[in-house]
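So the chains spell out like this:
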Protein chains: 2
Amino acid sequence: MEVFYSPEIKNGVCVLPEEESAHCVRVLRHREGDEIFVIDGLGTLYTCRLTDASPKAACAQVLREEPDWGAHPYFLEMAVCPTKNLDRYEWFAEKATELGLDVVAPVIGDHSERKVFKSDRLRRILLAASKQSLKGAVPEVKEPVSVRQYIQDAPEDALKIICCCFEGETPRTSINDVLNVISRDNVILSECEESRSFAALRMTKKIIVLIGPEGDFSREEAALAVSRGFIPVHLGPSRLRTETAALTAVQAVYLKCI
Amino acid sequence: MEVFYSPEIKNGVCVLPEEESAHCVRVLRHREGDEIFVIDGLGTLYTCRLTDASPKAACAQVLREEPDWGAHPYFLEMAVCPTKNLDRYEWFAEKATELGLDVVAPVIGDHSERKVFKSDRLRRILLAASKQSLKGAVPEVKEPVSVRQYIQDAPEDALKIICCCFEGETPRTSINDVLNVISRDNVILSECEESRSFAALRMTKKIIVLIGPEGDFSREEAALAVSRGFIPVHLGPSRLRTETAALTAVQAVYLKCI
């Protein structure tokens, strides 16, 4: 199933951006009258009929809409320090998108070797990953901020988790234990656990997971996070690279819901 | 912590292979009398004192042994069809090694586009990953066989799981449900779940997970697997690439034990 992306869908008409138009018309040779599938990147899949096979700005008429297409039953924001090797970071974000992710927030820690991060390249990668894994919503990529700033700005009411390698003021528990607690607290989730319906399931609380750089968080960052309501957790005894730790946290949330 | 590898440790003496010797002596500039850490790739960490800083065949005297160094409390064999893009397969195997894995078995399915696989390159990658993630045991990489052959030869007494995208003769359950069942059946595991001790935990049953190629298994392969006692499972509603599906299965086992 080939899926296109358009940020410009209104009044039953969809216009594809130039790159998507060229791919649709030049590469896949779609013609007027063909049915194509288009996501708006916000969660909806549109089934459309091509009305103008222009390779610069293809137009299509919307036939059907499917909201929450390929949606996951939780809201997960991963705040992860960029790795020295950017491929590893992009790999994590691509895999997390396949599984189900809402926001990637690149954060720069006291021990981060990489202090600069360009979000645009990652946005393109996550758009491709969303189309490939058949999801109507493309994860948002935030502009980088410092870990301290991120902690200060984190919302009060979210379930906030910090994965750190050292024991801080608060002893760490397994990320599973923390997620089990919210699962138990979450009526809709437990109903779903009986019905086994993924789509019916909703983790009502927004989940935020903070992952440090290769050199881990500074003690000050960890203490600040805990003082702001972040729960310090561990990801088990294995020594994981930053990107593996980040994906393990995503998997822990995803696997709670399948 | 820098870890070296030697397949040649006996009578309290350890000899490093040429590549490791050069890295130890030329790159890290270790000298006679230095303490170095060496794994045998079978699970034991040896603390040694360098007695001959030869860049071709460095020798060291064993001071201490630590068996089951960085060991995980389960035996997991992943039989995964090689991906078209080998980087993706190597990425999966590296990440799985960081988490905890015992055997990688490349298998060739009816729908595999890649029919040939060289195991040696992957062995080098997994050795590096084991050293980096501080594990004494390096996962074994088997020589490739066909999916059908692999199914025929799979041991009777293992917990055998096949992840397939279509509903076969037997309806699929979530991989979590299957792992929960063996967890409940496993006394030592449930004890551990109280004590929260990872090291104390042992999943007594060998776990084998079979993951198909980009084109999934053929109906015949899936039917053969089920007839040979493989339990068909799903990995949730997300459409996962082969390497993501494989890592998700590893995570499902790993996360059961943290």
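Owing to the predicted nature of the structure, the values given are computational and were not obtained by experimental measurement. (Residues numbered from 1 in each chain as written. Chains lettered and ligands numbered in written order. Predicted model: local features only at pLDDT ≥ 70, side-chain atom pairs only at ≥ 80, totals over all residues. Heavy atoms only, no water.)

1. Let's talk about the overall build of chain A
- Each helix and strand counted, chain A has 8 helices and 14 strands in total.
- Looking at chain A as a whole, 55% of its 258 residues are labelled buried.
- Long-range pairs, those at least 24 residues apart, make up 71% of the contacts in chain A between residues at least 6 apart in sequence. (Helix = DSSP H or I, 4+ residues; strand = E, 2+ residues; numbered from the N terminus. Buried < 20%, exposed > 50% of the residue type's maximum accessible area, 1.4 Å probe, protein only. Contact = heavy atoms within 4.5 Å.)

2. A word on the state of the cysteines
Residue and element names in this part refer to chain B.
- One pass over the full model with this rule turns up 0 disulfides over all chains.
- Cys 48 provides the cysteine sulfur closest to Cys 14, a residue in no disulfide bond, and the two sulfurs are 4.6 Å apart.
- On the accessibility criterion, Cys 14 (0% relative accessible area) is buried. (Disulfide = S-S within 2.5 Å.)

3. Comments concerning the nonpolar core
- The biggest cluster of nonpolar side chains holds 86 residues, and the ones touching the most others in it are Met 78 and Phe 92 of chain A together with Met 78 and Phe 92 of chain B.
- Not counting the four nearest positions on each side in its chain, Met 78 of chain B is found in contact with Phe 92, Leu 101, Val 103, Val 104, Ala 105, Val 209, Ile 211, Ala 246, Ala 249 and Val 250 of chain B.
- Counting residues in each nonpolar core, the second largest holds 17 residues, with Ala 79, Ile 151, Ala 154 and Phe 230 of chain B among its members. (Core = buried A, V, L, I, M, F, W, Y, C linked by side-chain atoms within 4.5 Å.)

4. Some points on the relation of the copies chain A and chain B
- Superposing chain A onto chain B takes a rotation of 180° plus a shift of 0.0 Å along the axis, which leaves an RMSD of 0.0 Å. Both copies of the chain, as the preceding transformation shows, are related through a two-fold rotation axis. When C-alpha distances to the rotation axis are compared across chain A, the minimum falls at Gln 251 of chain A, with a value of 3.4 Å.
- A symmetric contact is evident, with 100% of the interface residues of chain A recurring at the interface of chain B. (Least-squares fit on C-alpha atoms with pLDDT ≥ 70 in both.)

5. A word on the packing of aromatic side chains
- This model, assessed by the stated rule, comprises 5 aromatic pairs over all chains.
- Measuring from centroid to centroid gives 5.2 Å for Tyr 89 of chain B and Phe 117 of chain B, while their planes differ by 65°, and the two rings are edge-to-face. Remark: Phe 117 of chain B occurs in the loop between β8 (103-108) and α3 (119-132) and Tyr 89 of chain B occurs in helix α2 (residues 86-99); sequence separation between them is 28 residues.
- You can call Tyr 89 of chain B buried: its relative accessible area is 1%.
- Sitting over the face of the ring of Trp 91 of chain B, Lys 95 of chain A holds its NZ or CZ atom 5.2 Å from the ring centroid. (Phe/Tyr/Trp six-rings, centres within 6.5 Å; stacked < 30°, edge-to-face > 60°. Lys NZ or Arg CZ within 6 Å of the ring centre and 35° of its normal.)

6. Examining the layout of surface pockets
- When its volume is computed, the second largest pocket comes out at roughly 690 Å³.
- What lines the second largest pocket is a set of 29 residues, and nearest its centre among them are Cys 165, Arg 239, Leu 240, Arg 241 and Thr 242 of chain A.
- Of all elements in the fold, only β14 (231-234) and α8 (242-256) of chain A together with α3 of chain B reach the threshold of two or more residues within the lining of the second largest pocket.
- Taken together, the residues that form the lining of the second largest pocket break down as 12 nonpolar, 7 polar and 10 charged. (1 Å grid on protein atoms, 1.4 Å probe; cavity = no way out; pocket = protein on both sides within 12 Å on 5 of 7 lines; lining within 4 Å. Points joined across faces, edges and corners; volume = space filled by probe spheres on them. Nonpolar A, V, L, I, M, F, W, Y, C, P; charged D, E, K, R; others polar.)

7. Description of the interface of chain A and chain B
- Counting residues at the interface gives 33 residues for chain A, matched by 33 residues for chain B.
- Of all residues in chain A, Arg 239, Leu 255 and Ile 258 of chain A bury the most surface against chain B, accounting for 21% of the area lost on that side.
- Of the charged contacts, one joins Glu 98 of chain A and Arg 241 of chain B as a salt bridge, the two residues approaching to 3.9 Å between their closest N and O atoms.
- Counting every contact that joins chain A to chain B gives 26 residue pairs in polar contact (both at pLDDT 80 or more).
- When residues of the side of chain A that touches chain B are traced back to their parent elements, those giving at least two are α2 (86-99), α5 (175-185) and α8 of chain A.
- In terms of residue count, α8 of chain A provides more of the side of chain A that touches chain B than any other element does, 8 residues in total.
- In terms of residue class, the side of chain A that touches chain B is built from 13 nonpolar, 10 polar and 10 charged. (Buried area = accessible area lost by both parts, 1.4 Å probe. Salt bridge = Lys/Arg side-chain N within 4 Å of Asp/Glu carboxyl O. Polar contact = N/O pair within 3.5 Å; in protein donor to acceptor, adjacent residues only side chain to side chain.)

8. Quick word on the domain arrangement of chain A
Residues and elements named next belong to chain A.
- Domain assignment breaks chain A into domain 1 (3-66) and domain 2 (75-257).
- When the buried surface of domain 1 facing domain 2 is broken down by residue, Val 3, Ile 39 and Gly 41 rank first, second and third, together holding 60% of it.
- Summed over the shared surface of domain 1 and domain 2, the number is 1 salt bridge.
- Across the pair Lys 131 and Glu 20 runs a salt bridge whose closest N-O atoms are separated by 2.7 Å.
- Taken together, the connections running from domain 1 to domain 2 amount to 5 residue pairs in polar contact (both at pLDDT 80 or more).
- Classifying every residue of the side of domain 1 that touches domain 2 gives 5 nonpolar, 3 polar and 2 charged. (Domains from an automatic or database assignment.)

9. What to know about the packing of α2 of chain A against α8 of chain A
Residue and element names in this part refer to chain A.
- Where α2 contacts α8, the axes come no closer than 9 Å and their chain directions differ by 5°. As the angle between them shows, α2 and α8 are arranged roughly parallel. On α8, the residues touching Arg 88, Trp 91, Phe 92, Lys 95, Ala 96 and Leu 99 of α2 are Glu 243, Thr 244, Ala 246, Leu 247, Val 250, Gln 251 and Tyr 254.
- The residue inventory of the contact of α2 with α8, partitioned by class, reads 8 nonpolar, 2 polar and 3 charged. (Axes fitted to C-alpha atoms, helices over the stretch in contact; angles between N-to-C directions. Parallel < 35°, antiparallel > 145°, perpendicular 65-115°, else oblique.)

10. Remarks on the side chain of Asp 102 of chain B
All names here are of chain B.
- If you trace the backbone, Asp 102 turns up in the loop between α2 and β8.
- A distance of 2.9 Å separates polar atoms of two side chains, one belonging to Asp 102 and the other to His 72.
- Once you skip the residues sitting within four places of it in the chain, Asp 102 turns out to touch His 72, Tyr 74, Phe 75, Leu 76, Pro 139 and Glu 140.

11. A short note on the sheet that holds strand β1 (residues 3-5) of chain A
Residue and element names in this part refer to chain A.
- Strands sit in the order β1-β4-β5-β6-β3-β2 across an open sheet of 6 strands; the sheet is mixed. The open sheet has two free edges, formed respectively by β1 and β2 (8-10), since each of these has just one partner strand. For this sheet, the mean inter-axis angle between neighbouring strands, taken without regard to orientation, is 40°.
- With 5 bridges joining them, strand β4 (residues 35-39) and strand β5 (residues 45-52) adopt antiparallel strand pairing. Bridge pairing in β5 places Ile 39 opposite Leu 45.
- Running at roughly 150° to β1, helix α1 (residues 18-27) makes contact with β1, β4 and β5 of the sheet. (Pairing = 2+ DSSP bridges.)

12. So, helix α1 (residues 18-27) of chain B
Residue and element names in this part refer to chain B.
- Listed in full, the buried residues belonging to α1 are Glu 20, Ser 21, Cys 24 and Val 25. For α1, the buried positions fall inside an angular range of 110° around the axis, keeping them on one side. Summarising the geometry of α1, the exposed residues directed more than 90 degrees from the buried face are Glu 19, Arg 26 and Val 27.
- In the stretch just after α1, Arg 29 is the one whose phi turns positive, near 60°. (Arc of directions from axis to C-beta.)

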